[in-house]
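# Tertiary structure, described
Now for the letters of each chain:
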Amino acid sequence: MKRNWSAMVYTGLAACAIAAFSFVTVSAPAQAADVDYTAAKELRDGDMRKLIFHPAAKQISESPFINGDGGEATLQDYKGKVVLLNFWATWCAPCRHEMPMLSELQTQLSGDDFEVVTLATGRNMVPAMEKFFEEINVSNLPLHRDPKSTVAREMSVLGLPATVLLDREGREIARLHGDADWSSETARAVLSSVIEITQ
């Protein structure tokens, strides 16, 4: 009798566990892969045609980098916002051309929903970075550094500049290789659409 009772208890607990798991599975929030970015994709024109949306969102580096104040930060610090993450370097000529456009985009769209984050990868000395920004008249973008290229390497950045679009959950949803006119009306339209889709 005791054995039967134990079997009944075990069976009941197993059934509860299965039911609970099923409930969690059904009620879990939609994954990033389920988000439909078609509206944003259809707005791409000119340089923005190089912005390629992934079939499913990708995980990003969680490694720390050095922020503009000399402390540590991670990309996870920006969760809650759509982020345009730009990898650059002081020796990169296309970066010099592109950075003022990113600065203008930051002026136009930054806020609670969006931010441009610039991350110098490799050996970039702070004085050289400050001079770079001063020469191109940029003052509203961060002087973050990835001195050992850890973040860049973990995110498979093979050339500069490279710009990665992150959703509000901190996942990569699109990428653009090379420089682009981020101050264009098309760029603002595409990014504004992503902001709206992810709200």
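Residues numbered from 1 in each chain as written. Predicted model: local features only at pLDDT ≥ 70, side-chain atom pairs only at ≥ 80, totals over all residues. Heavy atoms only, no water.

## Regarding the overall build of the protein
Threshold: By the criteria applied, helices consist of DSSP H or I runs no shorter than four residues and strands consist of E runs no shorter than two, each listed in order from the N terminus. Burial classes follow relative accessibility: with a 1.4 Å probe on protein chains only, a residue under 20% of its type's maximum area counts as buried, one over 50% as exposed, and anything between as partly exposed. When checking whether two residues touch, look at their non-hydrogen atoms; a contact exists if any pair is within 4.5 Å. All accessible-area figures derive from a Shrake-Rupley calculation using a 1.4 Å probe, and residue coverage is judged against the displayed protein chains alone.
When helices and strands are tallied, the protein shows 6 helices and 8 strands. Tracing the protein from N to C terminus, the helices and strands come up as α-α-β-β-β-β-α-β-α-β-α-β-β-α. Scored against the burial criterion, the 199 residues of the protein give a buried share of 41%. Within the protein, contacts between residues at least 6 apart in sequence are counted, and of these 75% link residues at least 24 apart. Total accessible area computed for the protein in this model is approximately 11,100 Å², and 55% of it derives from carbon and sulfur atoms.

## As for the side chain of Thr-163
As a reminder of what qualifies: Under this definition, polar contacts are N or O atom pairs within 3.5 Å; protein pairs additionally need one hydrogen-donor-capable and one acceptor-capable atom, and for neighbouring residues in sequence, both atoms have to be side-chain atoms.
Note on placement: Thr-163 falls in strand 7 (residues 162–166). Within the structure, the side chain of Thr-163 is placed 2.9 Å from the side chain of Asn-86, a separation counted as a polar contact. Other than its neighbours up to four places away in sequence, Thr-163 contacts Leu-84, Leu-85, Asn-86, Glu-98, Ala-174, Arg-175, Leu-176 and Trp-182.

## Comments concerning helix 4 (residues 126–135)
Note the following rule: Taken from the helix axis, the directions to the C-beta atoms give the arc we talk about.
Residues of helix 4 that are buried: Met-129, Phe-132 and Phe-133. Buried residues in helix 4, looked at end-on, bunch into an arc of 90 degrees, giving them a common side. Those residues of helix 4 that are exposed and angled more than 90 degrees off the buried face are Pro-127, Lys-131 and Glu-134. Where helix 4 is buried, its residues touch strand 4 (82–88), helix 3 (93–109), strand 5 (114–121) and strand 6 (144–146).

## Let's talk about the packing of aromatic side chains
For clarity, the cut-off: Ring geometry is summarised as follows: Phe, Tyr and Trp rings, the Trp one being its six-membered ring, pair when their centres sit within 6.5 Å, and such pairs are stacked at plane angles under 30 degrees, edge-to-face over 60 and tilted between the two.
Applying the stated criterion across every chain yields a total of 4 aromatic pairs. Arranged with centres 4.8 Å apart and planes meeting at 40 degrees, the rings of Trp-88 and Phe-132 form a pair that is tilted. Within this pair, whereas Trp-88 is found in strand 4, its partner Phe-132 is found in helix 4, the two being separated by 44 residues in sequence. Phe-132 gets classed as buried once you look at its relative accessible area, which sits at 2%. Here a set of aromatic residues connected by ring pairs shows up, and it is made of Trp-88, Phe-132 and Phe-133.

## Brief notes about the packing of helix 3 against helix 4
Going by this rule: Convention adopted: a line fitted to C-alpha atoms gives each axis, helices being fitted over their contacting stretch, and angles between N-to-C directions are expressed from 0 to 180 degrees. Relative orientations are named as follows: roughly parallel for angles under 35 degrees, roughly antiparallel for angles over 145 degrees, roughly perpendicular for angles from 65 to 115 degrees, and oblique for any other angle. Note on convention: the crossing is left-handed when the near helix lies turned anticlockwise from the far helix by less than a right angle, right-handed when the turn is clockwise.
Look at helix 3 against helix 4: their axes get within 10 Å of each other, and the N-to-C directions meet at 55 degrees. Considering the angle they form, helix 3 stands oblique to helix 4. Here the hand of the crossing between helix 3 and helix 4 comes out right-handed. For the pair helix 3 and helix 4, the contacting residues are Cys-95, Arg-96 and Met-99 in the first and Phe-132, Phe-133 and Glu-135 in the second.

## Description of the packing of helix 3 against helix 6 (residues 185–197)
Where we set the bar: Amino acids are sorted into nonpolar (Ala, Val, Leu, Ile, Met, Phe, Trp, Tyr, Cys and Pro), charged (Asp, Glu, Lys and Arg) and polar (every other residue, Gly among them).
The N-to-C vectors of helix 3 and helix 6 enclose an angle of 50 degrees; their axes lie 11 Å apart at closest approach. As the angle between them shows, helix 3 and helix 6 are arranged oblique. Judged by the twist between their axes, the crossing of helix 3 over helix 6 is right-handed. Across the interface between the two elements, Leu-105, Gln-108 and Leu-109 of helix 3 pack against Arg-188, Leu-191 and Ser-192 of helix 6. Residue composition of the contact of helix 3 with helix 6, by class: 3 nonpolar, 2 polar and 1 charged.

## Some remarks on unusual backbone geometry
The phi torsion of most residues other than glycine is negative, and most of the peptide bonds are trans. With omega at -5 degrees, the peptide bond leading from Leu-160 into Pro-161 counts as cis. With respect to the helices and strands, the residue Pro-161 is situated in the loop between helix 5 (150–154) and strand 7. Of note in the backbone geometry, Ser-149 takes a positive phi value of approximately 55 degrees without being a glycine. Among the structural elements, Ser-149 can be located in the loop between strand 6 and helix 5. Unusually for a residue other than glycine, Ser-156 sits at a positive phi of about 55 degrees. Locating Ser-156 in the fold gives a position in the loop between helix 5 and strand 7. Overall, the relative accessible area of 49% leaves Ser-156 in the partly exposed class.

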